[in-house]
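Listed here are the chains, written in short residue letters.
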Amino acid sequence: TEGPNLASFFNGIASVTATQTTSAVTNLSGVNLFISILPQTAYTSGQISAMSSMLSAGGTLLLVGESTGYSGGAVADPILTSTLGLLGSSMTMTGNDGSGYPVTATTVSNSLTAGVSNFQYGFTSFVSGGTALFDTTNGTPFIEYQNIGSSTATPEPASSALLDRKSTRLNSSH
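None of the values given here were measured: they were computed from a predicted structure.

### Some points on the overall build of the chain
A tally of helices and strands in the chain yields three helices and twelve strands. Sequence separation of at least 24 residues holds for 53% of the intrachain contacts in the chain that already meet a minimum separation of 6. Of the accessible surface of the chain, which amounts to about 7,900 Å², a share of 51% is contributed by carbon and sulfur atoms.

In structure tokens:
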């Protein structure tokens, strides 16, 4: 599945220890990247606390969502938006554009998109509350970040919300 490949991808980067699980996590000590894919139930206060502690220790949280037009996204995206809010982000995931796959996105000029010449998406949710990195063909952002400090990390081009102590990124493409 896509999920374990994400953890493997990030574990291949020097100084990254990524973990991913579908079970309840209340201790992320020693983890600097936590990946959660399409949550179907709200995170508990203990899980939010564990995520917050990991972020405070300099870790990164990658939340993977989906278009709200797809049943998984209709459930997961409100959970992700709520989680981002509880962790201090103003970013939200809303609606969807209904585009089939693949559609070529408009890359917004930014240091985080430097070197990206082509990015495709399909049936994506929209994102608001941050700085756009990629827009749909009609100009609506679907990948954004929210700078809460400086960051040199590059967002993973997948269905994701990436929140770290330095910045917040949200991508909701399928």
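### With respect to the side chain of Asn110
Along the polypeptide, Asn110 turns up in the loop between strand E6 (106–107) and strand E7 (120–121). Judged by its relative accessible area of 17%, Asn110 is buried. The residues touching Asn110, leaving out its near neighbours within four places in the chain, are Thr131, Leu133 and Tyr145.

### What to know about unusual backbone geometry
Generally, phi is negative for residues other than glycine and the peptide bonds are trans, each holding for most cases. Here Ser15, not a glycine, exhibits a phi torsion of approximately 70°, which is positive. Turning to its location among the elements, Ser15 is positioned in the loop between helix H1 (2–11) and strand E1 (18–20). Judged by relative accessible area, which is 71%, Ser15 ranks as exposed.

### Considering the side chain of Ser125
Within the fold, Ser125 resides in the loop between E7 and strand E8 (126–128). Within the structure, the side chain of Ser125 is placed 3.0 Å from the side chain of Asp77, a separation counted as a polar contact.

### Brief notes about the nonpolar core
The biggest cluster of nonpolar side chains holds 17 residues, and the ones touching the most others in it are Leu28, Phe34, Tyr43, Met54 and Leu61. At the level of elements, helix H2 (45–56), strand E3 (60–64) and helix H3 (71–86) are the ones that each hand at least two residues to this core. The element best represented in this core is H2, accounting for five residues. Within the second largest apolar cluster, ten residues are counted, among which are Ala105, Leu112, Phe134 and Tyr145.

Scoring rules and cut-offs
- Residues numbered from 1 in each chain as written.
- Predicted model: local features only at pLDDT ≥ 70, side-chain atom pairs only at ≥ 80, totals over all residues.
- Heavy atoms only, no water.
- Helix = DSSP H or I, 4+ residues; strand = E, 2+ residues; numbered from the N terminus.
- Contact = heavy atoms within 4.5 Å.
- Areas by Shrake-Rupley, 256 points an atom, 1.4 Å probe, with all protein chains shown as cover.
- Buried < 20%, exposed > 50% of the residue type's maximum accessible area, 1.4 Å probe, protein only.
- Polar contact = N/O pair within 3.5 Å; in protein donor to acceptor, adjacent residues only side chain to side chain.
- Core = buried A, V, L, I, M, F, W, Y, C linked by side-chain atoms within 4.5 Å.

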